[in-house]
Every structure is written in C-alpha cells, then in structure tokens.
Amino acid sequence: MPGATAPRTDPAPLLPDASPVRVLGTPALEKQDPALLRELYRRLVIGRRYNQQATTLTKQGRLAVYPASAGQEACQIAAALALGEQDWLFPSYRDTLAVVSRGVDPLEALTLLRGNAHTGYDPRATRTAPLCTPLATQAPHAVGLAHAARLRGEPVVALAMLGDGGTSEGDFHEALNFAAVLRAPVVFLVQNNGYAISVPLTAQSAAPSLAHKAVGYGMPGRLVDGNDAPAVHGVLAEAVERARTGGGPTLVEALTYRIDAHTNADDATRYRTDDEVAAWREHDPILLMDRAMRELGILDDELVRGAADEAEALAARMRAEFHADAELDPMALFAHVYAEPTPQLREQAAQLSAELAAEAEVQH
C-alpha cells in the first residue's frame with residue numbers, strides 16, 4: 001500500500017531538546033522580567049516553609065499523612081502561575097503547594113490529608129480539581145474538561161500534574177492519546193523526582209526521557225530543569241498559550257528531586273544514599289534563585305525579610321488553626337457522592353445515622 005508506512009507527521013518538531021531547558025545561570029536570565037523573578041523567589045520561600053510546617057503537623061498527629069513537595073517547589077509554583085483565572089488545575093496528592101499557589105486557602109488544601117473530608121475546597125469556585133490520590137486518574141478528567149470547554153467555545157486550558165510513577169499507569173497513556181487525537185487544550189506536567197515511592201525511574205521506563213513519550217502520541221515533548229523556577233514557568237506558559245490558541249496538548253517533563261521521604265510513612269534511607277540527597281540540595285530551587293538574583297542585583301534585604309516574614313506568618317496560622325480539632329458531621333460522608341443516592345448509599349447512611357443516634361443516647 002503506497003504511503004501506508006509513511007509517518008503522518010514529522011516527528012522532529014515533537015522531540016524534546018537534548019538538554020533540559022534552563023534559565024538560571026545562562027544568558028537567558030538577563031531577558032527575564034525582574035518582577036516575575038521576585039515573585040517566584042517570594043513564593044518559593046513561602047512554599048518551603050509551608051512544606052516544613054505541614055510535615056511537622058504530621059509528626060504531631062495533626063495531619064494523617066503529608067506527601068511533601070520540598071525540593072519540587074519550583075514546579076508547583078510555576079504550574080499555578082502559568083494558568084489564567086479561567087483555567088483548571090488537576091493536581092495529584094503531592095501538589096498541595098500548587099493548589100495553595102492557585103489561591104486556595106492553605107488549611108482547605110490540607111483537609112483531605114487531615115482525613116476530614118474528600119476535599120476542603122469548592123472545585124468549581126477555585127477551578128482546581130480535588131487532590132488526586134490514585135495515580136494518574138486525574139489526567140483523563142483534565143482532557144475531558146478541556147475538550148468540553150472548547151466545545152462550548154470557552155478559552156479554557158487544563159493543566160494536569162503527575163509524578164514519574166504516574167506515567168506507568170494506563171490512565172496516563174489513555175489521557176495523552178485522547179488529548180492528542182482531539183487536540184484538546186491540555187498541558188501534562190510530569191514532575192520526575194527520580195522515584196515512584198522507592199522504585200527508581202530506571203525500573204519504570206527505558207525511554208531516553210519521559211518527554212520522549214509525547215512523540216508516540218503526536219504531541220510535543222518538552223524537557224526542563226524542574227528546579228529552575230523561571231525555566232519551568234516559561235516552558236509551561238508557552239505550552240498553555242499553545243493549547244489556548246488551538247495548538248493542542250504538550251507533555252512537559254520537569255527534572256527535579258524529592259528532598260523529603262515519600263510521606264511520613266516512608267523510610268527513604270532504604271533506597272537512596274545521603275550523598276545523592278546532598279548533591280540535589282546543592283541544586284535546591286531557592287538556592288539557585290538566590291544566587292541568580294544576587295548576581296543581577298535584584299535580591300535586596302527588604303525582599304528577603306518580607307518573604308521570610310510572610311512564610312513565618314503562614315506557619316503560625318497553620319499551627320494555630322490545626323491545634324483545634326475540627327467539628328465534623330459524619331453524615332457528610334454521603335454528600336456529593338452521587339447526584340441521586342443509590343439504594344446502597346441510602347442503606348449505609350441509614351445504618352450510620354442509627355449508630356450515631358444510639359451512641360448519643362448512651363452518652364446522655
């Protein structure tokens with residue numbers, strides 16, 4: 001069959017760069033907007049303190065679990081800042097900082113991880129999907145929402161955040177194929193921190209990079225230094241604009257590193273060395289920004305002090321509000337599950353209601 005084996009598109013433009021995109025420490029730094037660099041620095045400092053305080057709350061029993069994003073703050077913040085107000089963010093369980101950077105109240109962003117509710121914020125009001133604990137299941141949801149918005153003529157872009165482990169899930173591949181065929185306005189951000197819990201990337205994929213997977217679906221793949229905040233922001237902003245203007249989806253792989261353990265239930269010393277962690281600490285996103293901005297002469301004492309003060313104020317508020325136990329209605333467990341409750345759900349609700357009534361009678 002003549003032409004049957006010819007590629008439908010030229011794969012060359014879809015291939016990621018040979019080296020990760022970088023801004024800090026390169027001539028491209030001088031072309032950056034100083035106001036953007038200051039805002040990125042401020043948010044990085046606040047974000048690091050947010051991670052530290054949430055981790056401490058877990059150790060105190062105030063949070064059931066906390067998957068810290070310490071070391072990955074540049075990805076989290078850049079993802080939120082690259083989106084417009086009308087756009088949607090689809091986070092994974094490690095992306096609470098991205099949710100907070102999107103404008104969600106920090107306490108509401110942690111409600112799920114506290115074990116108090118399925119989600120602590122209104123997804124429609126915040127245009128932020130609930131934190132997704134199952135790996136990659138939010139990716140097809142992002143594609144569906146973005147495609148539906150485009151059918152309605154709305155200039156909406158959806159950004160789905162995943163880890164490297166999520167790229168081994170079927171949902172990831174289905175979402176990329178769906179998005180590419182429909183040319184849906186979606187950006188997929190993979191934060192490659194080297195491990196899916198304890199499984200190294202080399203045990204998951206033999207591809208040259210995760211960004212190369214984009215080519216097989218017919219979309220561009222971009223590779224970026226995930227600890228270089230302005231680089232991540234630039235690559236994501238470009239991908240968002242491309243999606244908004246009808247260019248279709250993009251897969252972005254950000255090379256980063258999880259400084260803390262997977263969660264408070266994980267012992268990271270069993271699968272990685274202290275030397276490895278120390279090497280990545282030298283490539284810390286805050287440290288990189290600090291050095292670059294001092295070289296440009298745009299990091300002054302006022303900005304450093306102001307960011308630190310904001311960070312401590314947030315940490316103090318988190319401590320104060322998490323110190324008090326939340327008043328919960330157990331019956332709320334059955335709300336927002338189905339628009340019309342199923343017979344099984346009504347039966348379970350009735351059973352719990354009877355148990356609560358009996359317990360209340362005994363207490364009185």
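Just so it is clear, the structure is predicted and the values come from calculations on it, not from any experiment. (Residues numbered from 1 in each chain as written. Predicted model: local features only at pLDDT ≥ 70, side-chain atom pairs only at ≥ 80, totals over all residues. Heavy atoms only, no water.)

Participant: Would you explain the overall build of the protein chain in this entry?
Facilitator: Assigned secondary structure in the protein chain consists of 13 helices and seven strands. Taking 21 Å as the expected radius of gyration for a compact globule of 364 residues, we find that the protein chain reaches 22 Å, a close match to that expectation. A fraction of 76% describes how many contacts in the protein chain between residues 6 or more apart in sequence connect residues 24 or more apart. Working note: accessible area of the protein chain is about 17800 Å², and carbon and sulfur atoms make up 53% of it. Positive and negative side-chain charges in the protein chain, numbering 32 and 47 respectively, have mean positions lying 4 Å apart. (Helix = DSSP H or I, 4+ residues; strand = E, 2+ residues; numbered from the N terminus. Rg over C-alpha atoms; globule rule 2.2 N^0.38 Å. Contact = heavy atoms within 4.5 Å. Areas by Shrake-Rupley, 256 points an atom, 1.4 Å probe, with all protein chains shown as cover. Lys, Arg positive; Asp, Glu negative; His and termini not counted. Charge placed at Lys NZ, Arg CZ, Asp CG, Glu CD.)

Participant: I'm lost on the packing of helix H7 (residues 138-151) against helix H8 (residues 170-182) in this one. Help?
Facilitator: Between two packed helices, both the angle of their axes relative to each other and the distance between the axes serve to describe the pair. Between H7 and H8, the least distance of the axes is 8 Å, while the angle of their chain directions is 20 degrees. Overall, the two elements H7 and H8 adopt an arrangement that is roughly parallel. Crossing handedness for the pair H7 and H8: left-handed. Two secondary-structure elements touch here, H7 through Ala139, Pro140, Val143, Gly144, His147 and Arg150 and H8 through Asp171, Ala175, Phe178, Ala179 and Leu182. Grouping the amino acids of the contact of H7 with H8 by side-chain chemistry returns seven nonpolar, two polar and two charged. (Axes fitted to C-alpha atoms, helices over the stretch in contact; angles between N-to-C directions. Parallel < 35°, antiparallel > 145°, perpendicular 65-115°, else oblique. Left-handed = near helix turned anticlockwise from the far one by under 90°. Nonpolar A, V, L, I, M, F, W, Y, C, P; charged D, E, K, R; others polar.)

Participant: I'm lost on the pairing of strand S7 (residues 250-255) in this one. Help?
Facilitator: The two faces of a sheet get side chains in turn, since along a regular strand they alternate between them. Counting buried positions along S7 gives five out of six residues, so the element sits mostly inside the fold. Both strand S3 (residues 186-192) and S7 contribute to a ladder of six bridges, which runs parallel. For Leu189, the partnering residue across the bridge sits in S7 and is Val252. Of the pairings in the sheet, the one linking strand S6 (residues 221-225) to S7 comprises five bridges and is parallel in character. (Buried < 20%, exposed > 50% of the residue type's maximum accessible area, 1.4 Å probe, protein only. Pairing = 2+ DSSP bridges.)

Participant: Would you mind going over the sheet that holds strand S1 (residues 88-90) with me for this structure?
Facilitator: One open sheet accounts for five strands, arranged S1-S2-S3-S7-S6; its pairing is parallel. The sheet is open, and its two edges are formed by S1 and S6, each paired on a single side. Recorded for the sheet is a direction-independent mean angle of 20 degrees between the axes of neighbouring strands. Contacts from helix H9 (residues 229-244) reach strand S2 (158-163), S3, S6 and S7 within the one sheet, and its direction differs from that of S6 by about 160 degrees.

Participant: Hey, could you run me through the nonpolar core in this one?
Facilitator: A general trend in soluble globular proteins is that nonpolar side chains are found buried together. Core analysis: the largest hydrophobic core is formed by 65 residues, its most contacted members being Tyr50, Leu159, Leu236 and Met289. Per-element accounting of this core gives the leading share, ten residues, to helix H1 (residues 34-59). The next biggest cluster of nonpolar side chains, apart from the first, holds 26 residues, and it includes Trp88, Ala160, Val190 and Leu210. (Core = buried A, V, L, I, M, F, W, Y, C linked by side-chain atoms within 4.5 Å.)

Participant: I would appreciate a short explanation of the packing of helix H2 (residues 73-82) against H9 in the present structure.
Facilitator: Axis separation between H2 and H9 bottoms out at 8 Å; the angle between their running directions is 35 degrees. Seen from above, H2 lies across H9 with right-handed handedness. Across the interface between the two elements, Ala74, Cys75, Ala78, Ala79, Leu81 and Ala82 from H2 touch Ala229, Val232, His233, Leu236, Ala237 and Val240 from H9. A per-class count over the contact of H2 with H9 returns eleven nonpolar, one polar and no charged.

Participant: Is there a simple way to think about the environment of Asp290 in this case?
Facilitator: On the secondary structure map, Asp290 appears in helix H11 (residues 285-296). Taking C-alpha positions, Asp290 is 25 Å from Arg94, a pair spaced 196 residues apart along the chain. Apart from residues lying up to four places away in sequence, Asp290 is in contact with Tyr41 and Leu299.

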